[in-house]
Amino acid sequence: MPAKGSDRDEQQALLSLIQKVEGEEWASTKKGWKLNSGVPVCEWEGIGCRVSVNGGSTATITSINLDNQGLSATLTSELGSLTDLEELNLKGNLITGSIPQEVANLEKLFSLDLTNNQVSGSLPQWWGSFSLNKLFLAQNQLTGEFFHNIYSPHLQSMQEVRLENNKLVGTLDGTTIMQMQKIETISLSQNNFSGLIPGFQLGSLPGLKFLYLDNNEFVGPLPSQLAQSGKSSLEEIWVQSNSLSGTVPASYVRFDMLHDFFIDGNKLTGALPLQLCSAKLNNDFFNTLPPDAERNYCEYIACPAGSVGKEGVYPCSVCPGGDAAKLENPYLGKSNVNLQCSAYSQRDILRIFYESTSQRGWSGGSDWDDSTKDVCQMTGITCDDHENIIKIGLKNRNLSGTIPDAIGFLSFLETLDLSDNNLEGFIPSDLRWTSLTRLDISGNKLRGVLPPLLCMMQELNGNGENNVYYCDRIACPANTFNTFGHHGYHGEPCQPCYDVQAPEEAYIGQKKCANRQKPPSDGFDWKKEIETLKESGANVNIFSKVALSVATIALVMLVFLLGTRCMGGKSQPQGRHERKQMLRQRAASSDSGSSSSGSDDDEEDPTPGYSDDVELASVGSATSRSSRNAMDLINQHKGIALSRPQKVKKAISRRLPQAQGIRTSISNINVNSRKQRLKGSRRSIDDGYDGVVDFGDDDMDEQDEEEEDASSVENNFGEEGASVPKKKRQTDLLDIPMIS
C-alpha cells in the first residue's frame, strides 16, 4: 500500500509506546514497530487501518489491539495525534502512568480498554468523543471521582463503563448519571465510593441492565426508586459489602428480569419481600443440590437476622439464643467463615475499639488493654449504677485508625466524645443501636456522609424536636466548618470553606478552614471560556451557537421589558427606592395619619436560613418538610447522592446554601411571603387606590432588608450556583439536609 504523507507522523505516534530497553526488546519481536522497518504502518502487528480513495489510495489508523502482549509503557500525548483512532486495546499489559487528556480528547474513539494494568492518576472528566461506547478501565490504580462533568460528550453514547478495582472516591452525581441514557452496564465494584445511591436517577435509565456497586462505602437505604414502574429493566444488582441500612423495598418485585441480587454484608434489617424470593433468583447457589432438597428461596438473597452464613447467603446457620440472638445479630446477610455469631460483652467491645484506634498509641497511655481492670474504672469510661457503660470521653487522645462497628452495640451508651483526634474512614451506622444523646466526632479526618438513620435518632444532639432532624447537628458537611465542627446545641451554622480540597481530603466535622473568603469574581470572560473549551477538546462552534442563541433570547426579553416600562409612563416608579419614596409621601398626605402594618409574623429574621428550632416548628405548615417524621423521610427517600461538593450548585439554585437545608428553605418562604404582601400593597397604590397604606419608615426598612437578605441567600456562596436549570424538586433526604 503506498505510503501517505502523514505515514511517518503516525509511525512516530505509535513508536512513542516503545520506551526504554524493555520496549525495544518488545518491539524486536513484533512485525513492523520500527521507524524504518520497510513495513507499512497498517501492516504492523496489532494495527488496523481504514483505506479511502480520494485522489489516491490513503489509509488512516483506526485501531490498536495489543492486549496481553507484555508491553511495558506509559500512554503518551502523541497518541492524541491519531485523530481517526476508534479502538485502543492495551488490556493485560504493564501500562503505567496516567491517561493523557490528548487521548481522552480523541473525537472518534469508540472503545478504550486498559483493563488489568497499572494505570494511575485521576480519571479524566472530559472525553471528547460523542461515539465512545465502551470504557474499560478496571483493575488499575485510578484515583479521583466518578464522572461529574455533565457536558462531557461521552455521557450521551456510553453503553458500558467498567471501573471496578480502582481507588476512586466521592459520590455518584445523579445529574451526570441522568445524561447516560444509553448505558447498559455500570461496574464500580471495589472502590471507595461513599454517600447515597442515586436510585431515582439510576432507575430512570431505560436500558440499564447490570449495576455493580459492591465493596464500597455507600450508606443510607436501598432506594425504592431504583425500581420504577415501567422502567425496571435491571437483570443484575450487586450491592453487597457496603454500609446500607433500612429494609429491602417492596418495589423490587418489579424487577421481572432480575436473576442476580446480592445484598449481604450491609446493615439492612427486617424481612425480605416474599414475592422477591423465587427460584430464578441467585439460583447458582443451588446447582449442586439434589432436586428433592429443602430450599429457602429467601436465603438465596441473604441470611435472615439472627443467622449467619460463610458468605452471608445460603446455607445459613441459626444463631443460638433464639430471639435474643437477633439483638446482637440484627442484620440480613451476616457472614462469617467460621459461622460464628456476634456475642459481644462490654469488655470485648472496648478491646475491639482500642485495637482499631491505637495505630499510633493513645496519648497519656491507656488501660483499655488491661484484661484485669474493671471496665467501669478504665480511662474515659463512665458507668451507671448497674455497671452499664453510658459515657466514653476520649477527646484529644491521639486516637488513630477507624471507628469499629462494634461500638454500636453498647446499648446503654448515651455520650460519645471522640473529638480532636486522628480518626479516619467513615462513621458506622451501627451507632443507631445505642442510646446516644450526645455525639462529637469533630476535628478528625472522617469522610463521606453521615448515615441517614443516625441523623434521625431521637434526641441525638437535639434532633427529633418537633420531628425536625438535621445531619449538621452531628457534624458539619464536607467543605464546611464552624467553631465546634457541628451545629449541635450551640446554634452556630456551618459555613462554607473555599479551600480547594481533593475528595479524599474533604472531611466532615471541620473546626477550621484555611480559606474562609469567597474567591473574588472577575466577571465572565468569553475569550477565557472559549480557550478553556478548546483546551478541553470541546467543539467551540457548538458552544458559540449556543451562546449566540442565549444572547439573542436575552436581547428579545430586554426589548420586551423596556417596551413594557415605557408603556407605563412616568407615573410608574423606575426603581425600588422611588417606590419607597412614593409610598411614604402618599402615607404622609393621608388624613388617617400613620399606622403600622407590621406584625410579629413580619419581623425580620436577623440571620436568614439559620432559624432556631423552636421557631422552625412554629413556622412549619402542612406542606413544610419540617413537619415530616423520620419514617416519612425514609419512605420518600429517592437516593440522591449528597456528599459531592458539586451539590453546592444545586443547593444554591434552590436558595439552599450548602448544608443549611430546611432552615434556609423556611426562612425564604417567610421572606417571599412578606415580599408578596408588600408587592400587593404597592400594586394597589399604583392602580390608584385612595385608601391609606402606611408601612412606616421602620417597616419599609425591614422590607428592604428582607429583599436584600433574600438575594444574599441566593448569592452568598459565589459563582458556583450561577446557572442551574430549574426543575421539579425530588422529595429527598437532601431536605434534612444530608452532608453535601
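Our structure is the block above this text.
What comes next is a walk through the structure. (Residues numbered from 1 in each chain as written. Predicted model: local features only at pLDDT ≥ 70, side-chain atom pairs only at ≥ 80, totals over all residues. Heavy atoms only, no water.)

1. As for the overall build of the protein
Here comes step 1: Secondary structure assignment for the protein yields 16 helices and 29 strands.
Here comes step 2: In the protein, which comprises 740 residues, the share counted as buried stands at 50%.
Here comes step 3: Across the protein, every contact between residues at least 6 apart in sequence was considered, and the portion connecting residues at least 24 apart equals 60%. (Helix = DSSP H or I, 4+ residues; strand = E, 2+ residues; numbered from the N terminus. Buried < 20%, exposed > 50% of the residue type's maximum accessible area, 1.4 Å probe, protein only. Contact = heavy atoms within 4.5 Å.)

2. Some details on the sheet that holds strand S23 (residues 400–402)
Note on sheets: strands pair through backbone hydrogen bonds, and any given pair is parallel or antiparallel.
Here comes step 1: Spatial ordering of the open sheet is given by S23-S25-S27, a layout of three strands whose pairing is parallel. The open sheet is flanked by S23 and strand S27 (445–446), the only strands paired with a single partner.
Here comes step 2: Relative to strand S25 (residues 422–425), S23 is paired through three bridges, and the arrangement is parallel. Looking at the pairing, Ser400 lines up with Asn422 of S25.
Here comes step 3: Running over the sheet, helix H7 (residues 346–357) touches S23 and S25 and is turned about 120° from S23. (Pairing = 2+ DSSP bridges. Axes fitted to C-alpha atoms, helices over the stretch in contact; angles between N-to-C directions.)

3. Let's talk about the state of the cysteines
Here comes step 1: Taken as a whole and judged by the stated rule, the model has eight disulfides.
Here comes step 2: Covalently, Cys42 is tied to Cys49 through a disulfide, its sulfur atoms 2.0 Å apart. Disulfide Cys42-Cys49: the torsion about the S-S bond is -100°, which places it as left-handed.
Here comes step 3: Take Cys49: its relative accessible area is 26%, and that puts it in the partly exposed class.
Here comes step 4: Residue Cys376 pairs covalently with Cys383 via a disulfide, S to S 2.1 Å. Here Cys376 and Cys383 share a disulfide; its torsion about the S-S bond, -95°, makes the bridge left-handed.
Here comes step 5: Overall, Cys376 belongs to the buried group, its relative accessible area being 16%. (Disulfide = S-S within 2.5 Å.)

4. Examining the pattern of salt bridges
Here comes step 1: For the structure on display, the rule yields 10 salt bridges.
Here comes step 2: Between Lys267 and Asp430 there is a salt bridge whose closest N-O contact spans 2.5 Å. Of the two residues, Lys267 is situated in strand S18 (residues 267–268) and Asp430 in the loop between S25 and strand S26 (438–440); the sequence distance between them amounts to 163 residues.
Here comes step 3: Given the relative accessible area of 7%, Lys267 is considered buried.
Here comes step 4: Taking the relative accessible area as the measure of exposure, Asp430 reaches 1% and is therefore buried.
Here comes step 5: In this structure, Asp420 engages Lys511 in a salt bridge whose closest nitrogen and oxygen atoms are separated by 3.0 Å. Pair noted here: Asp420 is in the loop between strand S24 (415–417) and S25 and Lys511 is in the loop between strand S29 (495–496) and helix H9 (526–535), with a separation of 91 residues, a long-range link.
Here comes step 6: Each member of the salt-bridge network shares a partner with another, and the members are Lys267, Asp405 and Asp430. (Salt bridge = Lys/Arg side-chain N within 4 Å of Asp/Glu carboxyl O.)

5. A few points about the side chain of Asn266
Here comes step 1: The topology assignment puts Asn266 in the loop between strand S17 (260–262) and S18.
Here comes step 2: A relative accessible area of 4% means that Asn266 is categorised as buried.
Here comes step 3: Of the polar contacts made by the side chain of Asn266, one reaches the backbone oxygen of Val239; its length is 3.0 Å.
Here comes step 4: Apart from the residues lying within four places of it in its own chain, the contact partners of Asn266 are Val239, Gln240, Ser241, Asn242, Ser243, Leu244, Tyr331 and Leu332. (Polar contact = N/O pair within 3.5 Å; in protein donor to acceptor, adjacent residues only side chain to side chain.)

6. Overview of the environment of Met457
Here comes step 1: You can see Met457 is positioned in the loop between helix H8 (452–455) and strand S28 (480–481).
Here comes step 2: Separated by 20 residues in the primary sequence, Met457 and Thr437 place their C-alpha atoms 8.5 Å from one another.
Here comes step 3: Sequence-distant contacts of Met457, that is, excluding residues within four places in its chain, are made with Leu431, Arg432, Thr434, Leu436, Asn463 and Tyr469.

7. Examining the side chain of Ser189
Here comes step 1: Its place among the elements puts Ser189 in the loop between strand S11 (185–187) and strand S12 (192–195).
Here comes step 2: Classification of Ser189 by relative accessible area gives buried; the value is 9%.
Here comes step 3: For Ser189, the contacting residues outside a window of four places in its chain are Glu164, Asn165, Tyr212, Leu213, Asp214 and Asn216.

8. Concerning the nonpolar core
If you look at soluble globular proteins, the nonpolar side chains tend to sit buried side by side.
Here comes step 1: Residues Trp33, Leu137, Val248, Phe261, Ile263 and Ile301 are the most contacted members of the largest nonpolar core, which totals 83 residues.
Here comes step 2: Elements supplying a minimum of two residues to this core: helix H1 (7–15), helix H2 (20–27), strand S2 (57–65) and helix H3 (101–104).
Here comes step 3: With residues near it in sequence (within four places) discarded, Val248 still touches Leu222, Phe261, Ile263, Leu268, Leu272, Pro273, Leu276 and Leu332.
Here comes step 4: Counting residues in each nonpolar core, the second largest holds 42 residues, with Cys376, Ile403, Leu410 and Leu436 among its members. (Core = buried A, V, L, I, M, F, W, Y, C linked by side-chain atoms within 4.5 Å.)

9. So, the pairing of strand S5 (residues 94–97)
Here comes step 1: Where strand S3 (residues 72–74) meets S5, three bridges bridge the pair, whose relative direction is parallel. Its bridge partner being in S5, Ala73 is matched across the sheet by Ile95.
Here comes step 2: Here S5 pairs with strand S7 (residues 118–119) via two bridges, running parallel. Bridge pairing in S7 links Thr96 to Gln118.

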